[in-house]
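Residue strings, one per chain:
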Amino acid sequence: MLIEFRVSNYRSIGEEQILSLIPDTKKSDSNNNVIEKGKHKALNAIAIYGSNASGKSNLLLSMSLLDRLVHLSGRSSSTTKLPYDPFLLREGWTKKPTKFEVTFIINKTKFRYGIEFFEEEIVSEWLYKKAIGREVNLFLRKQDTIDPSSAIKANIKIIDAAIEATKTNALFLSTCDMFNIDFAKEIFQWFRNFNMIDGLNTEREMINTVNLWEDEKFQDKIIEYMKRLNLGIIDVDVSSKEFDASELPENLNENTRNKLIKQLTGKKGFKILTKHKLYSSEGKETKDFLSWKLEERESAGTNKAFHLSGPILWALVNGGIIIIDEIEAKLHPIMTLETINLFLNKSSNPNNAQLVFATHDTNLLTYSKLRRDQIYFSEKNQWESTEIYSLSDFVYTDNTNSSRKERPDADKEKRYFEGRYGAIPVLENFQLLNEN
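Note that the structure is predicted; figures quoted are calculated from it, not measured. Sequence order as written defines the numbering, with residues in each chain counted from 1. Only residues with pLDDT of at least 70 are given local features in this predicted model, and only at 80 or more are side-chain atom pairs given and counted; all residues enter the totals for whole chains, interfaces and linings. The side-chain values count all of the structure's non-hydrogen atoms but skip hydrogen atoms and water molecules.

A. Highlighting the overall build of the protein chain. Numbered from the N terminus, helices here are DSSP runs of H or I no shorter than four residues, and strands are runs of E no shorter than two. On a plain count of helices and strands, the protein chain comes out with 12 helices and 20 strands. Based on the C-alpha atoms only, the size of the protein chain along its principal axes is roughly 75 × 70 × 60 Å. To sort residues, take the accessible area from a 1.4 Å probe on protein chains only and compare it with the maximum for the residue type: under 20% means buried, over 50% means exposed, and anything in between is partly exposed. Taken across its 436 residues, the protein chain has 47% of its residues classed as buried. What makes two residues a contact is simply this: any of their non-hydrogen atoms within 4.5 Å. Restricting the contact set of the protein chain to residue pairs at least 6 apart, pairs at least 24 apart contribute 62%. Entry remark: accessible area of the protein chain is about 23000 Å², with carbon and sulfur atoms responsible for 47%. Positive and negative side-chain charges of the protein chain, numbering 60 and 62 respectively, have mean locations separated by a distance of 5 Å. Computed by Shrake-Rupley with a 1.4 Å probe, the accessible areas treat only the displayed protein chains as cover when residues are assessed. The charge count includes Lys and Arg as positive and Asp and Glu as negative, but it does not include His or the ends of the chains. Taken as the charge location is NZ of Lys, CZ of Arg, CG of Asp or CD of Glu.

B. Region of the structure containing the pairing of strand β17 (residues 375-380). Bridging between strand β5 (residues 45-50) and β17 involves 4 bridges; their strand directions are parallel. If you follow A47 over to β17, its bridge partner there is I375. One ladder, built from 5 bridges, connects β17 with strand β18 (residues 386-390); its direction is antiparallel. Within β18, the position partnered with Y376 by the bridge is S390. Hairpin geometry of β17 and β18 is characterised by an intervening segment of 5 residues between the two adjacent antiparallel strands and by a positive phi of about 60 degrees at E384. Criterion used throughout: strands pair if DSSP finds at least two bridges between them.

C. Structural view of the pattern of salt bridges. A carboxyl oxygen of Asp or Glu within 4 Å of a side-chain nitrogen of Lys or Arg is what we treat as a salt bridge. For the structure shown, the criterion picks out 16 salt bridges. With a closest N to O distance of 2.7 Å, K81 and E120 form a salt bridge. Taken as a pair, K81 in the loop between α1 (56-72) and β6 (98-106) and E120 in the loop between β7 (109-117) and β8 (122-130) lie far apart in primary sequence, 39 residues in all. Its relative accessible area of 51% is what places E120 among the exposed residues. As a salt-bridge pair, E338 and R228 come within 2.5 Å of each other at their nearest N and O atoms. Of this pair, E338 sits in helix α10 (residues 333-344) while R228 sits in helix α6 (residues 216-228), and the two are 110 residues apart along the sequence. Classification of E338 as partly exposed rests on a relative accessible area of 24%. Salt bridges sharing partners connect three or more residues here, namely E4, R6, E16, K99, E101, R112 and E135.

D. Broad picture of the sheet that holds strand β15 (residues 321-325). A sheet is described by the order of its strands in space; here 6 strands give the open sequence β11-β15-β16-β5-β17-β18, paired in mixed fashion. On the outer flanks of this sheet lie β11 (194-198) and β18, each paired with one strand and no other. Adjacent strand axes in the sheet meet at a mean angle of 15 degrees, parallel and antiparallel pairs treated alike. Lying on the sheet, α10 is in contact with β5, β15 and β16 (354-358); it crosses β16 at an angle near 145 degrees. Between N-to-C directions, angles span 0 to 180 degrees; the directions come from axes that are lines fitted to C-alpha atoms, helices contributing only their stretch in contact.

E. How the structure looks around the sheet that holds strand β14 (residues 285-293). Sheet architecture is open: 3 strands sit in the order β12-β13-β14, paired in antiparallel fashion. Sheet topology places β12 (235-242) and β14 at the edges, where each strand pairs with a single neighbour. Neighbour-to-neighbour, the strand axes of the sheet open up by a mean angle of 30 degrees, direction not taken into account. In the packing of helix α5 (residues 203-213) onto the sheet, contacts are made with β12 and β13 (268-279), and the angle to β13 comes to roughly 80 degrees.

Structure, rendered in structure tokens:
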């Protein structure tokens with residue numbers, strides 16, 4: 001269960017920004033959107049709104065980047081550059097490290113893990129744990145000095161070996177996992193449930209969906225999901241086959257064709273077919289059906305729905321965390337709403353999966369059951385650094401000059417378009433483009 005994420009000095013983000021999934025205890029609307037593990041509570045979804053170039057994607061990318069560093073840094077070479085990409089528009093910030101920190105729950109225990117890094121070194125790294133009582137550190141690191149605490153239950157010699165093996169540009173947590181140390185394995189298992197998706201380019205997710213198809217339990221769920229979106233599809237079939245060079249596009253040049261043949265010969269591919277009803281010449285339903293290839297005859301939205309079906313359903317089944325940028329791209333608003341509702345509904349989300357997404361779909365402000373503390377906004381400050389804030393914390397001045405917070409029954413879509421919450425584009429006069 002994800003509780004909080006913090007990031008500073010990464011791309012458009014200068015000062016530290018906090019994405020919190022801790023529910024506001026003063027908000028009584030949509031209590032079904034709160035999930036629990038032991039005494040810990042979190043929200044099951046977060047929506048992030050903001051104009052183009054406001055930094056929404058960079059916030060989500062930073063979450064994905066921490067996940068990637070955790071999984072890959074221990075196996076990288078000593079010369080591998082870290083993905084240091086600091087805020088550039090303020091003097092001195094290229095001399096500051098990038099910082100990521102994530103707080104999460106495993107079983108009923110809270111962990112807080114964070115790192116600071118430059119291009120060539122990990123500056124600091126820390127891991128704290130809290131079960132009962134106060135928070136205690138498992139390890140603290142400053143450059144090459146790693147100080148494990150007695151709270152780590154592992155053989156001292158193995159811990160010492162992991163410390164010795166940790167490279168300047170690698171995470172101690174990742175090295176501990178390579179040494180099969182229990183606490184690191186537990187953390188890695190949590191990160192395994194963490195998945196980032198680019199909603200504009202979902203082809204990579206198609207592979208994940210096809211792999212899940214081999215599990216009959218997921219086959220039924222994927223078909224049910226596609227039917228639920230009312231795309232006219234009554235069945236889906238995925239089959240594997242050996243690579244056939246004759247099926248390569250005819251417009252490929254000879255050099256590219258030869259390279260692909262060399263790379264793919266002997267490997268298996270797959271074919272995805274969608275099944276539709278066939279109608280008589282009078283337009284009446286028959287008992288016959290027609291199938292065709294998904295990628296050739298279905299719309300971009302239908303293709304995206306299939307691509308996302310596997311990761312979304314996997315998260316719902318396993319209680320995972322899925323992060324989607326541009327969730328509404330290529331999808332009808334009702335399809336987007338239906339997908340989000342899967343996470344907001346306890347009957348379809350019994351295992352407490354969580355969804356964090358960026359969107360421009362303002363219909364969700366009206367028609368979804370998102371609480372005020374589940375709606376975030378992103379905008380640039382006076383020195384063009386990204387800042388995020390929750391609608392739950394938003395305060396405005398009414399006609400009597402009194403400070404008020406937004407009501408749960410307010411027309412949030414209308415107020416957003418009116419600019420009351422900020423985080424909207426302010427455009428210049430386009431008529432000037434026609435003047436000479």
